[in-house]
Amino acid sequence: MKERRKKSLRAILIVSALLALGVEYVTYLTVRYFAPHDGPLIYLFHLPALLIIASPAFYLWRSSSLMRLDAEERLKGSLSQQTLINMILNISLEDITLEETLEKTLDCLVSAPFINVMRKGGIWLAEEPDTLTLKAQIGFNESLKTQCGKVPFGGCMCGRAALSREIEYAGRVDERHDITYDGIAPHGHYCVPMLCGGKTLGVITLYLEENHPMDEKEVEFLTSVSDIISGVIERRRAEVTIREMAYYDSLTGLPNRRMLMDMLMHMIASSRWKNRFS
């Protein structure tokens, strides 16, 4: 009798441990195995039944823990993305040229730890009709800079993205890569168009390791970044237009009276400042 009770207690401890780990149906096997013993029959039947009732608590605890960990990971990813977006917005407010803004923005993108991209990429702007012009790049050799300096809409990966106004993804170098060169390394691409008002302002192209799968979270984030950069480009162009309207004659393109007066006032102020300390 004592030996059977020891075995019963040992079995109960094993069942409890297995249930805690989420192993299903172990209680039924235990009941069938120990049912032939007259002594622990009732004892074993009732306790596993209690364990069966209590087992959802273990599953609930385990599920809530996994959900909490998943939420924490998503929160960390969201915070990292928001930090990068804030960096890009701060760059856009710096007193630098548009090309410098694009270079700094591209450097942020290829350095982001939560995007699985290579430290290589470029940003093209549609300054000419149906043609992309390379304005910023990282990791391009001289041959690639020359070949990708001007890309027509519909040509190569970035040209296709500009024409379709949709993200072009490639997991490897395929027939869509119209521009190639000797020694080209295996790679993939995200080509993200920058759009505003239904027109293409440019394209962001990032390099991927070969066979990198298309990730919806990466695509969603890159789309958000392209929207931000599109807004920056439009704002910079609007500032240039406003300055030209304010300081240049619309017919001749020559500096107008307002620019002359501003330059004159600046020279007078500068002269007074120099005479004050001379």
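This section reports on the structure supplied with the text. (Residues numbered from 1 in each chain as written. Predicted model: local features only at pLDDT ≥ 70, side-chain atom pairs only at ≥ 80, totals over all residues. Heavy atoms only, no water.)

## Topic: empty space enclosed by the protein
Next, step 1: As enumerated under the stated definition, the model contains two cavities of 30 Å³ or more in all.
Next, step 2: Its volume calculated, the largest cavity comes out at about 140 Å³.
Next, step 3: In this structure, the largest cavity is lined by 16 residues; those nearest its centre are Cys148, Cys156, His177, His189 and Tyr207.
Next, step 4: Counting residues per element, the ones that place at least two in the lining of the largest cavity are α6 (156-164), β5 (188-196) and β6 (199-208).
Next, step 5: If one sorts the elements of the lining of the largest cavity by residue count, α6 sits on top with three residues.
Next, step 6: When its residues are assigned to classes, the lining of the largest cavity shows twelve nonpolar, four polar and no charged.
Next, step 7: Of the voids in this model, the second largest cavity is the one considered here, and its volume is about 40 Å³.
Next, step 8: Together, Ile88, Ser92, Thr101, Leu102, Thr105, Ile229 and Val232 line the second largest cavity.
Next, step 9: The set of elements that each furnish at least two residues to the lining of the second largest cavity consists of α3 (41-92), α4 (98-111) and α7 (216-247).
Next, step 10: Element by element, the count of residues in the lining of the second largest cavity is highest for α4, at three residues.
Next, step 11: Residues belonging to the lining of the second largest cavity are distributed by class as follows: four nonpolar, three polar and no charged. (1 Å grid on protein atoms, 1.4 Å probe; cavity = no way out; pocket = protein on both sides within 12 Å on 5 of 7 lines; lining within 4 Å. Points joined across faces, edges and corners; volume = space filled by probe spheres on them. Helix = DSSP H or I, 4+ residues; strand = E, 2+ residues; numbered from the N terminus. Nonpolar A, V, L, I, M, F, W, Y, C, P; charged D, E, K, R; others polar.)

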